[in-house]
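Observations on chain architecture
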Amino acid sequence: MKVTERIAKLRSLMEEKNIDMYIVPSADNHQSEYVGEHFKAREFITGFTGSAGTAVITRTEAGLWTDGRYFLQAEQQLEGSGVELYRMGNPGVPTVLEFIANKLEENGTLGFDGRLVAVDEGKEYAKAASTKGGSINYVYDLVDEVWEDRPALSTEKAFALDEKLVGESTESKLARIRKVMEEVGANVHVITSLDDVAWTLNVRGNDVAYSPLLLSYLIITMDQVDLYVDETKLNDEIRANFDKVNVVLHPYNDVYEAMKAYGSEDTLLIDPDRLNYALYYNIGENVHTVEKQNPTVLMKAMKNDVELSNIRNAHIKDGVAMTKFMKWVKENVGKMTITEMSASEKLEQFRAEQEGFLWPSFEPICGYGEHAAIVHYTSTPETDVELKEGALFLTDTGGNYYEGSTDITRTFALGEVSDIEKVHFTTVAKSMLNLANAKFMYGAMGVNLDILARKPFWDMNLNFNHGTGHGVGYLLNIHEGPSGIRWQYRPSETTPFEEGMVVTDEPGIYIAGSHGIRTENELIVRKGEANEYGQFMYFETITFVPIDLDAINPEIMSEEDKKMLNDYHKQVFEKISPFLNEEETEWLKKYTREI
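Described in the following lines is the structure provided in the data block.

Taking strand neighbours across the sheet as the criterion, the three strands line up as β16-β17-β20 in an open arrangement whose pairing is antiparallel. Across the chains shown, the open sheet's two edge strands, defined by having one partner strand only, are β16 (365-368) and β20 (408-414). Between one strand and the next, the sheet's axes are offset by a mean angle of 10°, whatever the strand orientation. Taken together, the seven bridges between strand β17 (residues 391-397) and β20 define a ladder with antiparallel strand orientation. Looking across to β20, one finds that Phe 393 is bridged to Phe 412.

Okay, structure coming up:
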């Protein structure tokens, strides 16, 4: 069935249900960024496969809103679909809320599946609809009625993480959560975000694409924990661990009825950015609520010493795999047939050789030449091209290991590349190193530090249309709040950098039709000296893979730039070479030489 046919069927259902405008978000019932196959409704209805975007369908129009990472990809995938691309953030482009306010019919009905929309997001939709005297209908999953061969919910098995991996027992985590509940006057805490559930219970699953998460809802009271989950996924080890902390199991979807059971004597702690709209409106009107960020959001972002030690080990393993891959691709391009997809498969093979590797931490981005200019490009059999000398090859990939998740981007010069590509490559390297070597005062946020990465670009009247960095979970979501690094202010990213947070540092440049470059390392936030001026902070780099010297132009680097690159490469050699054979070590010595 073509996209045009799917939208036509959706419109017929809209007419039948008296819905004038229907929103199809990218999320699942838990507001996850990446979702399992069952939840890819927006992809199904529009044909756009990117991880972020919102579709809005009216009786006569269809639009897709997505951010700068996906402009080129969306433009290509929406061609001929009748779905108009709205480039978020571009001048003159209305937001989804503005579109609703402008296009909804007078006294019209705005529809969406309330399970897929967060509380605050849903309230904003309702506010926009009210400007036209409109109402909300959040009851129907209309896409489900169009999607005849929709995949079933995942039945993958869950697994427990031992305390030697996570450094804190579930009992201890629950005690910390309950202390916060007491402080805010709540006797019930409802958690629906999958990474928060997994962190609290020290379990992981395989229900979400790439992210090791378990489809579940969690309700914590002062003496019990109610877990809503398909219990066939749970093994004896998990059940035994749950018995120790009084976890009571319930069917996955029973949580909606459970929400109706609370009364005026109850106060629920809920996170309106993470709780879904349907659950929220199942809470009785006489029930008290405290609307605050889940306390687990900050708790899990601040990794403990055990987690940090394990994460460092995971990055050494990943660095070995990436270094071997870099050597392989640079030495074999032009000598054997290598394509974007076969290169990606080879990289996964190198990772699979490392002890404790589970699966990739996100969908691999492997773009050759002009494909690398598509920020979140995914190679398919239709777009797959052969790698050849004379161009750049970008790989943004990562691995899930029992000791943590990794996220790394490297761009490789295949043979000789142009002078302008070297200028751009060197600018990206300078930018990444500037931020990685930052020293700053406690209380600084990503918006304060982003200029360190942007300055080399802005000095050249260049920019990159994505954030500079994001938090990374411990074998959880590869994009983890509450901190991020970007130049624009975002209310959701006002948490200062705290010791133990893990963040990425990934500037890039993208020239449509020509090339794309990104270089990404992960950093741990560390405490430095404390003196009369306050607490100083710094970053510890934990990603160790060469930055391709074949694409570096030393002439546009200051002495400080060169020192930062040389110091970094010295660390790469020291940490990675012990795990390589003699030939690989000699190769690494060449690609970490001083310039």
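Moving on: the packing of helix α18 (residues 559-576) against helix α19 (residues 582-591). Put simply, α18 and α19 touch, their axes get as near as 9 Å, and they point 170° apart. Comparing their axes, α19 and α18 come out roughly antiparallel. Taking contact as the criterion, the partners of His 569, Val 572, Phe 573 and Ile 576 in α18 are, on α19, Thr 585, Leu 588, Lys 589 and Tyr 591. Taken together, the residues of the contact of α18 with α19 sort by class into five nonpolar, two polar and one charged.

This brings us to the pattern of salt bridges. All told, the structure shown has 38 salt bridges when counted by the stated rule. Linking Asp 318 and Arg 351 is a salt bridge whose minimum nitrogen-to-oxygen distance equals 2.6 Å. Residue Asp 318 is located in helix α14 (residues 305-332), and its partner Arg 351 is located in helix α15 (residues 340-352); the two are separated by 33 residues in the primary sequence. In terms of burial, Asp 318 and Arg 351 fall into one category: buried.

Glancing now at the environment of Asp 207. Structurally, the position occupied by Asp 207 is in the loop between β9 (203-204) and β10 (217-221). When its relative accessible area of 5% is taken as the criterion, Asp 207 is described as buried. Those residues in contact with Asp 207, other than ones at most four positions away along the chain, are Gly 36, Ser 154, Glu 156, Leu 213, Leu 214, Leu 215 and Lys 233. Among the polar contacts listed, one links the side chain of Asp 207 to the side chain of Ser 154, at a separation of 2.6 Å.

A volume near 730 Å³ is recorded for the second largest pocket. Thr 49, Gly 50, Gln 73, Glu 363 and Thr 378 are, among the 30 residues lining the second largest pocket, the residues nearest its centre. Listing elements by their share of the lining of the second largest pocket, those giving two or more residues are α2 (41-46) and α3 (71-77). Grouping the constituent residues of the lining of the second largest pocket by class yields eleven nonpolar, twelve polar and seven charged.

Parameters and conventions
Residues numbered from 1 in each chain as written. Predicted model: local features only at pLDDT ≥ 70, side-chain atom pairs only at ≥ 80, totals over all residues. Heavy atoms only, no water. Pairing = 2+ DSSP bridges. Helix = DSSP H or I, 4+ residues; strand = E, 2+ residues; numbered from the N terminus. Axes fitted to C-alpha atoms, helices over the stretch in contact; angles between N-to-C directions. Parallel < 35°, antiparallel > 145°, perpendicular 65-115°, else oblique. Contact = heavy atoms within 4.5 Å. Nonpolar A, V, L, I, M, F, W, Y, C, P; charged D, E, K, R; others polar. Salt bridge = Lys/Arg side-chain N within 4 Å of Asp/Glu carboxyl O. Buried < 20%, exposed > 50% of the residue type's maximum accessible area, 1.4 Å probe, protein only. Polar contact = N/O pair within 3.5 Å; in protein donor to acceptor, adjacent residues only side chain to side chain. 1 Å grid on protein atoms, 1.4 Å probe; cavity = no way out; pocket = protein on both sides within 12 Å on 5 of 7 lines; lining within 4 Å. Points joined across faces, edges and corners; volume = space filled by probe spheres on them.

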